[in-house]
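Residues per chain, in single letters:
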Amino acid sequence: MGHESRYLCKVETRRLLWLMGMVLAAVLVVHYFELPYVHVISSLFSASKAQTLEIGSLPTGDSSHYPKMLVNVTPSNVLNSTDTDAVHETVNVTKISEGNDIGLKNDSVSESEGGSDDSIELDEDSDPEDESSSVDFVELDHNSTVEMMKPENALAPEKAGQSEYSFSRNNVTTNYNPLLGKTHGEDNSFTSEKNESLDVGLRTPSFSLQPIISSPNFTLPSNLGTKSITPVISVNPNTSSADKDLANTLPNVENPGLLQSVLTPSDNNFSITNVPVVNTRSKEPTAAVVSISEMNGLLLQNRASSSSMKPRWSSAVDQDLLNAKSLIENAPIIGNDPGLYAPLYRNVSMFKRSYELMEQTLKVYIYREGERPIFHQQVLKGIYASEGWFMRLLKANKQFVTKNPKKAHLFYLPFSSRMLEETLYVPNSHSHKNLIQYLKNYLDMIVARYTFWNRTGGADHFLVACHDWAPSETKRHMANCIRALCNSDIKEGFKFGKDVSLPETYVHSAQNPLRQLGGRPPSQRRILAFFAGNMHGYLRPILLQHWENKDPDMKIFGRMPKVKKGKMNYVQHMKSSKYCICAKGYEVNSPRVVEAIFYECVPVIISDNFVPPFFEVLNWESFAVFVPEKDIPNLKNILLSISAKRYLEMQQRVKKVQQHFLWHTRPVKYDIFHMILHSIWYNRVFQIRPR
């Protein structure tokens, strides 16, 4: 028995050692095949599951309970993007006023830094493009609602009860349909309690992450596999909602996305190097530069060959426009008009006649559809205030607005591009597809409910939008509309003779938009040229590289800090300078153009392919200086080459043209409200085609 026991023990020990060896060998084999190819074996058991990466969160009322948002990474779609995505700030929907008199109360929508409406006092040291120094002033009534939109791949609920999104406040939850707004729930009115916030609840959306190709001159080989691209997610939790928003992207590539694929030719082959993108939104220009004189030619050319479709059926309003067109083209030559200085205009006689006919004829129908805060709500302060002021003043106007759409010459789509971004943009999603889809859904509803869009293909409809993203958000589904845009960039699809360049005005006080108007007389303007601002985009660093602290006559700064008492601040510099430099930031437009006119300083516009406001009417070269971006090193010589007599002439013209760029709480003749409306009317008149 003893021998048998020892024999059996040895056998079992050998078996155990053999089994352990087999297990160890299996482990080594698995590691050998697994490590070089990361998840090759494990992916065999989960090939149908998309990888998810946590990239951020949505703010709620309690910052300690941020719901995590998962992003669906779809490698098969990585190289096939033509959509316009965006890099932007975190969205903070907080404190919305409930003003009773067209929003002129000390209530506001706070930006990322929060705060009360103390900023209604003019901060004279602030950069006009830094909204952290200014609080948007928003009109909102007791029935206002907040909407969220599904991503583009999600279907809109067909019934109100199927809404995917809800907002809760004080334990009261209200559901929303993307088009119809509040569908059921208790009272959701807002109060002006300081720092009040909204709790946001939504189902997890999914987005496809796509790379940006750094060079438009290279194309990917057709046999290149998508697995050679590894998505890289860039998250910046400190992105400020005060920044201007949409990231600049390279020409023909509309995703400022999460990965930059650098293509390099090597022996007639292409290789790809993955480089994380730095969110600077700075890009060197690659498209051809269109000079101001070439723009004049394009305007005349497009005016002569209008591409507006013929109405599908006739209407009495068409004859009104055709008659107006004939009367404008044959306008009698006027002599000296005390209200209009002829050199400021392309043709003062045609402008005067067109303006008179607008006052006598024009009727605008405002669509009632659309829910707040995106529709029918006005932002009255900050750099996007132009769209809000226009909406407010038009809705209150009894002369131009009609309630009978059959009598309307124009149809207004009353949305705020600023509130669209504030309400629907998903922080760190790097995409505004859902914003585009939201506008498309609204337009689909209008087309289905009314016949007016279909009659003209949208040619008699118009929108007024000042946010940087507006051109890309409207260029597909609203391409036939008359688009009044602050970001009037030829490269972004601005159409001469159809679209309107909207002045970007930085309104400090909703109660008194004319505060601080004017400047010193020419004899007291000791500074040759002045600029101060954040280093937005590629151009301003170049400007500072050549001129910051290089010449006592050239006061060129970055962002100006708070100045001590007795020192000149931002506004005082503009009031004391002969020329005010209006250098582009992320986009071609800048509030400094109107600011310079406001402070009676001759604007020097350095922004290639920027179409200046009211271009179809005003002769900008009579009162402004245009400097190509490439000529920044020669900036001082260009300004010194302007004679003293010519400067005085231009400065006096700036004072005369100023009336066209001023907001009034009650509109006056030839002010900015009437000029915006006139440019829309004027372009429609010259687009109309008889049946």
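- In the annotation of an unreviewed UniProt entry, the protein is listed under the name Exostosin GT47 domain-containing protein and assigned to Davidia involucrata.
- Here the protein is described in UniProt, under the heading Subcellular location (unreviewed entry), as follows: "Golgi apparatus membrane".
- For the record of the protein, the UniProt heading Sequence similarities (unreviewed entry) holds the text "Belongs to the glycosyltransferase 47 family."

## Considerations on the pairing of strand β17 (residues 577–583)
Then comes step 1: Burial analysis of β17 places six of its seven residues in the buried class, the great majority of the element.
Then comes step 2: Two elements, strand β15 (residues 527–531) and β17, share three bridges in a ladder whose sense is parallel. Its bridge partner lying in β17, phenylalanine 530 is registered against cysteine 580.
Then comes step 3: With five bridges joining them, β17 and strand β18 (residues 602–606) adopt parallel strand pairing. The residue of β18 that forms the bridge with isoleucine 581 is valine 604.

## Considering helix α8 (residues 433–449)
Then comes step 1: In this model α8 runs 24 Å from its N-terminal to its C-terminal C-alpha over 17 residues, within 8% of the 24 Å that 1.5 Å per residue would give.
Then comes step 2: Where α8 is buried, its residues touch α7 (417–424), α9 (452–456) and α10 (470–474).

## Description of the environment of glutamine 524
Then comes step 1: With respect to the element layout, glutamine 524 can be found in the loop between β14 (500–501) and β15.
Then comes step 2: Glutamine 524 sits 51 residues away from lysine 575 along the chain, and the two C-alpha atoms are 9.4 Å apart.

## A short note on a nonpolar patch on the surface
Then comes step 1: Together, Trp18, Leu19, Met22, Val23 and Val27 make up an exposed nonpolar region whose accessible area comes to about 510 Å².
Then comes step 2: Considering the arrangement of structural elements, one finds methionine 22 in helix α1 (residues 2–34).
Then comes step 3: Methionine 22 sits in the partly exposed class, given a relative accessible area of 45%.

## Structural notes on the sheet that holds strand β19 (residues 625–626)
Then comes step 1: Here we have five strands laid out as an open sheet, ordered β16-β15-β17-β18-β19, and parallel in their pairing. Each edge of the sheet is formed by a strand with only one pairing partner; in this case those strands are β16 (554–556) and β19.
Then comes step 2: The pairing of β15 with β16 spans three bridges and is parallel. Within β16, the residue paired with phenylalanine 531 across the bridge is isoleucine 556.

## Observations concerning the pattern of salt bridges
Then comes step 1: Within the structure shown, the criterion is met by 16 salt bridges.
Then comes step 2: Across the pair aspartate 551 and lysine 636 runs a salt bridge whose closest N-O atoms are separated by 2.6 Å. In this pair, aspartate 551 is assigned in the loop between α11 (539–547) and β16 and lysine 636 in helix α14 (residues 635–640), connecting sequence segments 85 residues apart.
Then comes step 3: Look at lysine 636 and you get buried, because its relative accessible area is 14%.
Then comes step 4: One salt bridge connects arginine 653 with glutamate 649, and the closest N-O pair in it is separated by 3.4 Å. Here arginine 653 and its partner glutamate 649 are both found in helix α15 (residues 644–657), four residues apart, which amounts to about one turn of the helix.
Then comes step 5: The class of glutamate 649 is partly exposed, set by a relative accessible area of 35%.
Then comes step 6: Via salt bridges that share partners, Asp337, Lys352, Arg353 and Glu356 belong to a single interconnected network.

## What to know about the pairing of β18
Then comes step 1: In terms of burial, β18 is largely enclosed, as five of its five residues are buried.
Then comes step 2: Here β18 shows two buried faces, one formed by Val602, Val604 and Ile606 and the other by Pro603 and Ile605.
Then comes step 3: Each parallel crossover has a hand, and the one from β17 via helix α13 (residues 592–598) to β18 is right-handed.
Then comes step 4: In this sheet, β19 lies alongside β18 in parallel orientation, the contact comprising two bridges. Its bridge partner lying in β19, valine 604 is registered against valine 625.

## Details of the packing of aromatic side chains
Aromatic ring pairs are defined here through the distance separating the ring centres and the angle between the ring planes.
Then comes step 1: Inspection of every chain in the model, using the stated rule, returns 29 aromatic pairs.
Then comes step 2: A ring pair is formed by tyrosine 355 and tyrosine 670, whose centres lie 4.6 Å apart and whose planes are at 50°; its orientation type is tilted. Here tyrosine 355, found in helix α5 (residues 348–361), pairs with tyrosine 670, found in the loop between α15 and α16 (672–687); they are 315 residues apart in sequence, far enough to count as distant.
Then comes step 3: Through a chain of ring-to-ring contacts, three or more aromatic side chains come together here, namely Tyr365, Tyr367, Phe411, Tyr450 and Phe452.

## Observations concerning the packing of helix α4 (residues 316–329) against α5
Then comes step 1: Between α4 and α5, whose axes approach to 9 Å, the crossing angle comes to 155°. By the angle class used here, α4 and α5 are roughly antiparallel. In the crossing of α4 with α5, the sense of the turn from one axis to the other is right-handed. Between α4 and α5, the residues in contact are Asp320, Ala324, Leu327, Ile328 and Glu329 and Met350, Arg353, Ser354, Leu357 and Thr361, respectively.
Then comes step 2: Class assignment for the residues of the contact of α4 with α5 results in five nonpolar, two polar and three charged.

Cut-offs used in this document
- Residues numbered from 1 in each chain as written.
- Predicted model: local features only at pLDDT ≥ 70, side-chain atom pairs only at ≥ 80, totals over all residues.
- Heavy atoms only, no water.
- UniProt positions renumbered as here; feature names shortened; annotations may be inferred.
- Buried < 20%, exposed > 50% of the residue type's maximum accessible area, 1.4 Å probe, protein only.
- Helix = DSSP H or I, 4+ residues; strand = E, 2+ residues; numbered from the N terminus.
- Pairing = 2+ DSSP bridges.
- Expected span 1.5 Å × (residues − 1).
- Contact = heavy atoms within 4.5 Å.
- Patch = residues over 30% accessible without salt bridge, like charges linked within 9 Å, V, L, I, M, F, W, Y side chains within 5 Å.
- Areas by Shrake-Rupley, 256 points an atom, 1.4 Å probe, with all protein chains shown as cover.
- Salt bridge = Lys/Arg side-chain N within 4 Å of Asp/Glu carboxyl O.
- Right-handed = clockwise from strand over helix to strand, strands pointing away.
- Phe/Tyr/Trp six-rings, centres within 6.5 Å; stacked < 30°, edge-to-face > 60°.
- Axes fitted to C-alpha atoms, helices over the stretch in contact; angles between N-to-C directions.
- Parallel < 35°, antiparallel > 145°, perpendicular 65-115°, else oblique.
- Left-handed = near helix turned anticlockwise from the far one by under 90°.
- Nonpolar A, V, L, I, M, F, W, Y, C, P; charged D, E, K, R; others polar.

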